[in-house]
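Each chain, written out:
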Amino acid sequence: MIEIQNVTKRYGSVYALRDVSLTVEKGTVLGLLGQNGAGKTTLLNILTGYLAPTSGRALLDGHDSLLEPEEAKRHLGYLPEQPPLYDEMTVQEYLAFAAELKGVKKSSIPAHIDEVMELCGLGAMRGRLLSHLSKGYRQRAGFAQALCGDPDILVLDEPTVGLDPKQITEIRGLIRTLGKGRTILFSSHILSEVQQLCDHVVILHEGAVKTAMALGEENDPDEITLQATVAAAEKSIVSRLRQLDGVRRVTVLPTAHSDQTMAQITFYKQPEPERRLFSLLSSLSIPLLELSRVQDSLEQVFLKAISDTM
Amino acid sequence: MGTIFKRDFLAYFRTPVGYAFMGVFLTLAGLIFYLSNLQSLSGDLLSFLAQLTSLCMLLCPLLTMRLLCEERQKRTDQLTLTAPVSLFKTVLGKYLAAAAVVLMTVAFANVFTLIIALYGTVYPGEWFVGFLGFTLQSLSFLALDLFVSCFAKNQMTGAVAGFGANFFLWMADLLAGKVGVPWLEKALNFVSLYDRYEPFLLGQFSYSSVLFFLTFIIVCLVAAVRVLDARRFSEGGAA
């Protein structure tokens, strides 16, 4: 379990983080979203004890990463933004070093790193010097390092940056597999990735938490939006829609056909607003070609969150 | 600590640094040996050791510059500093790795003792005291350089600063004679590494000097840990 409590990080008069609090329950995956420079990396560095917060504290499984570093870090695997690789070591040596550092028993290290290499697809590269690896493999080696010691908590800073599409899919698959039973906090600025992998999302903007929510709760709970395509010209239908009971607003979307209208109709929260729309259209004898509920996408939530302060 | 020591020690010999240190040290030591002992047909081991100090001063920063600065530059410190190992053990492991390279080099330098023994006499007591003093002094330079390199982001800066610090402490006693301020004179005399080394060069075993060197090393290492610890509060802006 990860708890970040009121963490503030200040450099002189510049705030990198402002009173950030978040919790990641055991067995869940939390995605930390934010633009470049939003403070994601600083937050992860504080969580892992690499940096100290100006105020507030970060707990890993209940241990303060600053005051009880050895207990806190025992169950931590951290993949920093730039994988911390020693260029003069081979993949195998490096992982053995990382495993030993994390307190894996000497006798079980060879089997352990074999497993980790297998998991990260590094088997063929075990004898290669880290300096000779391509960017994708360096990222995997960094990932493998984080998995050494089989940590309960994984902190990953933009784990898929610099990988090709196939590798990205593989790493995402890995995160999904590992997510079962572990606590994972990862940062990203790729929205679809977060949507695929996470149970919860926290949006960080200018050093402060803007939005924290479980995925699937992106919608404004007070309204429901329908998207409908009807076989009628825009002029004849839009004003009628606006007058419909319980409608908050109507947005017309462009269509390819002049005799059709596509619109998003937002209702105040009510059960089955589709019924109202249908009765209106049938009373006007306008055929309904398509009807669906609109889910607010993460993208809209994100853009809304980061534009609030502008 | 053992893990860090092993990695850093091996890294010296995976990169040219370890070889460069030993090679340059022993080559130049050979040159000094040729000039001061072979040319003048002298069997004086202690005067030879006295001249090796400058080599140590020059080369020790080479060993320490990579321990912290390179890790910081390449951000590999994010692995060691987020592992369940205390900062002190990390620093100690790194220091011992560099110390091991120095000890190996000093051991190799006994080739010169052997040459003197072949053609003259080496007094075991003199040999022991001389090499003990030399080793302690070298290890003190190393600890000082490690501490100084904490302040540098760049390996080059770390090395140059280390050399400056070495040089200052070595000639502190010369400065002490000129300042004319009594307390400053005392302070400078106290920290002068040369003053502490001198008894050994005269063939005397000085408990106070041994104690001073050991304390000096510990103080430097603890200070290094403090600086690294404090840096977590002051640094780490957008990477």
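Before reading further, recall that the structure is shown in the block above.
Quick caveat: nothing in here was measured; it's all calculated off a predicted structure. (Residues numbered from 1 in each chain as written. Chains lettered and ligands numbered in written order. Predicted model: local features only at pLDDT ≥ 70, side-chain atom pairs only at ≥ 80, totals over all residues. Heavy atoms only, no water.)

J.: So what's going on with the overall build of chain B? Which residues, and what values?
T.: A count of helices and strands for chain B gives 12 helices and zero strands. Secondary structure elements of chain B, listed N to C terminal, follow the sequence α-α-α-α-α-α-α-α-α-α-α-α. Against the 2.2 N^0.38 benchmark of 18 Å for 239 residues, chain B shows a C-alpha radius of gyration of 19 Å, consistent with a compact globule. Its C-alpha atoms give chain B principal-axis dimensions of roughly 60 × 50 × 30 Å. In chain B, which comprises 239 residues, the share counted as buried stands at 52%. For chain B, contacts bridging at least 24 residues in sequence account for 75% of all contacts bridging at least 6. Of the roughly 10,800 Å² that chain B leaves accessible, carbon and sulfur atoms contribute 72%. Positive and negative side-chain charges in chain B, numbering 16 and 13 respectively, have mean positions lying 12 Å apart. (Helix = DSSP H or I, 4+ residues; strand = E, 2+ residues; numbered from the N terminus. Rg over C-alpha atoms; globule rule 2.2 N^0.38 Å. Buried < 20%, exposed > 50% of the residue type's maximum accessible area, 1.4 Å probe, protein only. Contact = heavy atoms within 4.5 Å. Areas by Shrake-Rupley, 256 points an atom, 1.4 Å probe, with all protein chains shown as cover. Lys, Arg positive; Asp, Glu negative; His and termini not counted. Charge placed at Lys NZ, Arg CZ, Asp CG, Glu CD.)

J.: How would you explain a nonpolar patch on the surface if you had to name every residue and give the values?
T.: Side chains of F168, L175, V179, V181 and W183 of chain B sit close together on the surface and give an oily, nonpolar patch of about 460 Å² of accessible area. You can see W183 of chain B is positioned in helix α10 (residues 182-191). (Patch = residues over 30% accessible without salt bridge, like charges linked within 9 Å, V, L, I, M, F, W, Y side chains within 5 Å. Salt bridge = Lys/Arg side-chain N within 4 Å of Asp/Glu carboxyl O.)

J.: Residues and numbers for the packing of helix α9 (residues 172-179) of chain B against α10 of chain B, please.
T.: All names here are of chain B. Relative to each other, α9 and α10 sit at 170°, their axes nearing to 8 Å. On the basis of their axis angle, the class for α9 and α10 is roughly antiparallel. Judged by the twist between their axes, the crossing of α9 over α10 is left-handed. Side by side, α9 and α10 meet where A172, D173, L175, A176 and V179 of the first sit next to L184, E185, L188, N189 and V191 of the second. Here the contact of α9 with α10 is composed, by residue class, of seven nonpolar, one polar and two charged. (Axes fitted to C-alpha atoms, helices over the stretch in contact; angles between N-to-C directions. Parallel < 35°, antiparallel > 145°, perpendicular 65-115°, else oblique. Left-handed = near helix turned anticlockwise from the far one by under 90°. Nonpolar A, V, L, I, M, F, W, Y, C, P; charged D, E, K, R; others polar.)

J.: So, the packing of aromatic side chains: which residues are in play, and what are the values?
T.: All names here are of chain B. Throughout the structure, instances matching the rule amount to 19 aromatic pairs over all chains. For the ring pair F48 and F112, a centre distance of 5.4 Å and an interplane angle of 70° mean the geometry is edge-to-face. Placement of the pair is F48 in helix α3 (residues 45-74) and F112 in helix α6 (residues 110-119), with a sequence separation of 64 residues. Here the two residues F48 and F112 agree in accessibility, since each one is buried. The rings of F190, F200, F212, F213 and F216 are connected pair by pair, giving a single aromatic cluster. (Phe/Tyr/Trp six-rings, centres within 6.5 Å; stacked < 30°, edge-to-face > 60°.)

J.: Residue-level account of the nonpolar core, with values.
T.: Counting 93 residues, the largest nonpolar core has I4 and L22 of chain A together with Y12, L52, L63, Y95 and L142 of chain B as the members making the most contacts within it. No other element matches α3 of chain B, which puts 13 residues into this core. Not counting residues within four places of it along the chain, the set of residues in contact with Y95 of chain B comprises L67, L139, S140, L142, A143, L146, I217 and L221 of chain B. If you look at the next biggest cluster of nonpolar residues, it comprises 55 residues, including V29, L95 and C148 of chain A together with I4 of chain B. (Core = buried A, V, L, I, M, F, W, Y, C linked by side-chain atoms within 4.5 Å.)

J.: Tell me about the interface of chain A and chain B, residues and numbers included.
T.: Taken together, the contact between chain A and chain B spans 33 residues of the former and 30 residues of the latter. Surface buried jointly by chain A and chain B totals about 3,000 Å² across both partners, of which 57% is contributed by carbon and sulfur atoms. The three residues of chain A that bury the most area against chain B are Y50, E88 and L101 of chain A, which together make up 25% of that side's buried surface. Across the chain A-chain B interface, the total number found is five salt bridges. With its nearest N and O atoms 3.0 Å apart, the salt bridge here joins E88 of chain A to R7 of chain B. Across the chain A-chain B interface, the total number found is 13 residue pairs in polar contact (both at pLDDT 80 or more). Listing elements by their share of the side of chain A that touches chain B, those giving two or more residues are β1 (2-11), α1 (40-47), α2 (69-73), β6 (76-79) and α3 (91-101) of chain A. (Buried area = accessible area lost by both parts, 1.4 Å probe. Polar contact = N/O pair within 3.5 Å; in protein donor to acceptor, adjacent residues only side chain to side chain.)

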